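Notes for the structure review
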Amino acid sequence: MTHDTAPLSEPGADVSVAEANAAVEAGAVWLLDVREQSEWDAGHAVGAHHIPLGSLGARQDELPADADIFVVCHVGGRSRMAVDALVGAEYRAWNVAGGMVAWEAAGAPTTSARVDN
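To keep things clear, this report deals only with the structure shown in the data block. (Residues numbered from 1 in each chain as written. Predicted model: local features only at pLDDT ≥ 70, side-chain atom pairs only at ≥ 80, totals over all residues. Heavy atoms only, no water.)

**Let's talk about helix α1 (residues 17–25)**
The cut-off we apply is this: For the exposure calls, accessible area comes from a 1.4 Å probe over protein chains only, and a residue counts as buried if that area is under 20% of its type's maximum, exposed if over 50%, partly exposed in between. Numbered from the N terminus, helices here are DSSP runs of H or I no shorter than four residues, and strands are runs of E no shorter than two. Directions from the helix axis toward the C-beta atoms define the arc. Should any heavy atoms of two residues lie within 4.5 Å, those residues are considered in contact.
Of the positions making up α1, those classed as buried are V17, A20, N21, A23 and V24. What you see down the axis of α1 is that its buried residues fit within an arc of 165°, all on one side. Among the exposed residues of α1, those oriented more than 90 degrees off its buried face are A18 and E25. The inward-facing, buried residues of α1 contact β1 (14–15), β2 (30–33), β5 (68–72), β6 (92–96) and α4 (99–105).

**Focus: unusual backbone geometry**
Unlike most non-glycine residues, E90 shows phi in positive territory, near 70°. Structurally, the position occupied by E90 is in the loop between α3 (77–88) and β6. Note on E90: relative accessible area 74%, which makes it exposed.

Structure representation (structure tokens):
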């Protein structure tokens, strides 16, 4: 799922909420939320897929090998750890700077509806 609208920065870099939201809305990236279940249930980005950071290694086969992956958490710490691990495993991954706090502050779309991941 690589697209012409792929990020210009190298994998592992931070992307802004504006960049992330535009890429998600364009269908250009796979958005991964690595927060815990209770955080996810309270609200998450529309279109996000949920794999908690502690389960990422065991559930790595659920990640698309051919997609650009943007990773988000609450404020950016856990997503940074996930991005570093994913880039080390040769995935194309970027960190959403500021996490869901910045996402919500920017007015980017969120939902608390259950979705199949």
